[in-house]
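# Residue-level structural notes
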Amino acid sequence: MFPVNQLKNTPWCVTDENAIQCENNNNHNSLGIIIALVNGQTSGSGSLTVDSHDITVLLNSNESFIVFAQEDLTEPVSVRLVKQHDDHLNLDPESFVYAAGAGAANQTVVITGLRAGHVVVSAIDASNAIIEDVYLRVTVAVSKGLIYTSIVFGWVYFVAWSVSFYPQIWINFKRKSVEGLNFDFVMLNIVGFTLYSMFNCGLYFFDSMQQEYESRNSRGLIPVMLNDVVFSLHAMFATIITIVQCCIYERAGQRVSWTAYSLLSVFAVVVIVAASLAAASVHHWLDFLYYCSYVKLAITIIKYVPQALMNYRRKSTAGWSIGNILLDFTGGMLSMLQMILNGFNYDDWASIFGDPTKFGLGLFSVLFDIFFMLQHYVFYRHSRESSNSDLTTVTEAPNQTPIESRHETTEKY
């Protein structure tokens, strides 16, 4: 599985298993385009806030936000908005004085989109002290239609990736056999999804890790949402079902290879050392989660290789679910298309080409899906399943008539 999440904290974007890479790049893909800060450096200004933290504005269109006081100010506050880029948007007014007293009127600021992209707007007072109690994120977008298309793509690939575990489970159940399913792939999958779940749950449920993340990324959102947690835990659950099937169904002598055990041992050492350093306060537990994410990314790169080699050696894809691959391919293509759409819509190509690891992993996964489809539909399309796996040694008596495999099937999955 290779879910890729673009604009991770937007309402219309759904996450994926490699979205963990996104948070290491200071949330290039988050919806936040403008951050307006209104601060409490002068007397009473700390009570100022805004009515919305996230706003989307289209090119040549207007949206507005309101600056208001949560309590009466004891003296007027002079506010000047300073834009990081002057050519992306216009603010009207850019300077104003928020009056003191109970009768002070709230200030409406109109945003006009001039160019898609990212702008940071800070607020300073008359003494040039930064005002920083309220933040606002605004997306300057080219088209509302592209926004809704991105929403649809996000949900479709989320569903595709979530459902993609079950064709393999169904095939195993129907055949009462896991012959043809590579055990190295299954073991790498469970370790990867476990680490991914640890990352998501750590950042979603633990306040200390959230506070540490916010201290390092003061203008970024927590890069994990509820659907991240649900997806990763569901992936663990589905993989555990597959492991149980590997234990109870016919497997024709298949087992986890020593190569896989060696790789998993290396990964275990990395995780244990990282956890020990965090427990000893050498680094923060958030760093431990980062190391878990790096191991997960490494697993994503290598996990398909054992299955591809097994299909090649057997000259067959029998027992390996093509439904899983088709759904994974659908999700991967839509996730990359979503990244491209968002890059165009928000003039945010750096989110793709500025993060080649993330996009490269998505492309790598899709290319493997294409290779598996070629194996199934082209290279080994005439193959039939045999209970005598080419990966094991089977000896028959010279005059014995081979017994037709009880698992033989002409169906393609």
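Preceding this paragraph is the structure being described.
In what follows, the accompanying structure is described.

Basis of the calculations
- Residues numbered from 1 in each chain as written.
- Predicted model: local features only at pLDDT ≥ 70, side-chain atom pairs only at ≥ 80, totals over all residues.
- Heavy atoms only, no water.
- Patch = residues over 30% accessible without salt bridge, like charges linked within 9 Å, V, L, I, M, F, W, Y side chains within 5 Å.
- Areas by Shrake-Rupley, 256 points an atom, 1.4 Å probe, with all protein chains shown as cover.
- Salt bridge = Lys/Arg side-chain N within 4 Å of Asp/Glu carboxyl O.
- Helix = DSSP H or I, 4+ residues; strand = E, 2+ residues; numbered from the N terminus.
- Buried < 20%, exposed > 50% of the residue type's maximum accessible area, 1.4 Å probe, protein only.
- Arc of directions from axis to C-beta.
- Contact = heavy atoms within 4.5 Å.
- Core = buried A, V, L, I, M, F, W, Y, C linked by side-chain atoms within 4.5 Å.
- Pairing = 2+ DSSP bridges.
- Axes fitted to C-alpha atoms, helices over the stretch in contact; angles between N-to-C directions.

### Considering a nonpolar patch on the surface
On the surface, L326, L363, L367, I370, F371, L374, Y377, V378 and F379 cluster together into a nonpolar patch covering about 740 Å² of accessible area. Sort the elements by how many residues they give to the nonpolar patch and helix α11 (residues 356-379) lands first, with eight residues. Assignment of secondary structure puts I370 in helix α11.

### A short note on helix α2 (residues 166-175)
Of the positions making up α2, those classed as buried are Q168, I169, I171, N172 and R175. Looking down the long axis of α2, one finds its buried residues gathered within 160° of arc, a one-sided arrangement. For α2, the elements touching its buried residues are α5 (226-248). At the exit of α2 stands K176, carrying a positive phi of roughly 55°.

### Examining the nonpolar core
Residues F65, V79 and I111 are the most contacted members of the largest nonpolar core, which totals 24 residues. With three residues, the single largest contributor to this core is strand β4 (residues 77-83). Ignoring anything within four residues of it in the chain, the contact list for V79 reads L48, E94, S95, F96, A123, I124 and I131. Within the second largest apolar cluster, 22 residues are counted, among which are C201, L203, V295 and I299.

### A look at the pattern of salt bridges
Counted according to the given criterion, the structure contains five salt bridges. Residues E94 and K83 are paired through a salt bridge, measuring 3.2 Å at the closest nitrogen-oxygen approach. Linking E94 in the loop between β5 (89-92) and β6 (95-98) with K83 in strand β4, this pair joins segments that are 11 residues apart in sequence. For R115, the salt bridge identified is with D347, shortest N-O distance 3.8 Å.

### What about the sheet that holds β5?
Reading across from one edge, β1-β3-β7-β5 is the order of the four strands in this open sheet, with antiparallel pairing throughout. In this open sheet, the two strands that pair with only one neighbour each are β1 (48-50) and β5. Neighbouring strand axes in the sheet, compared pairwise and without regard to direction, differ in orientation by 25° on average. As paired strands, β1 and strand β3 (residues 62-69) are joined by three bridges and run antiparallel to one another. Looking at β3, one finds that V50 is bridged to V67.

### A short note on the pairing of strand β8 (residues 121-124)
Alternating positions in β8 separate into two faces, V121 and A123 on one and S122 and I124 on the other, with burial throughout. Sheet analysis places β4 next to β8, joined by four bridges and oriented antiparallel. Each residue of the ladder has a partner; that of V82, found in β8, is S122. Of the pairings in the sheet, the one linking β8 to strand β9 (residues 130-131) comprises two bridges and is antiparallel in character. For I124, the partnering residue across the bridge sits in β9 and is I130. The hairpin turn running from β8 into β9, its antiparallel successor, is five residues long, and N128 in that turn takes a positive phi close to 65°.

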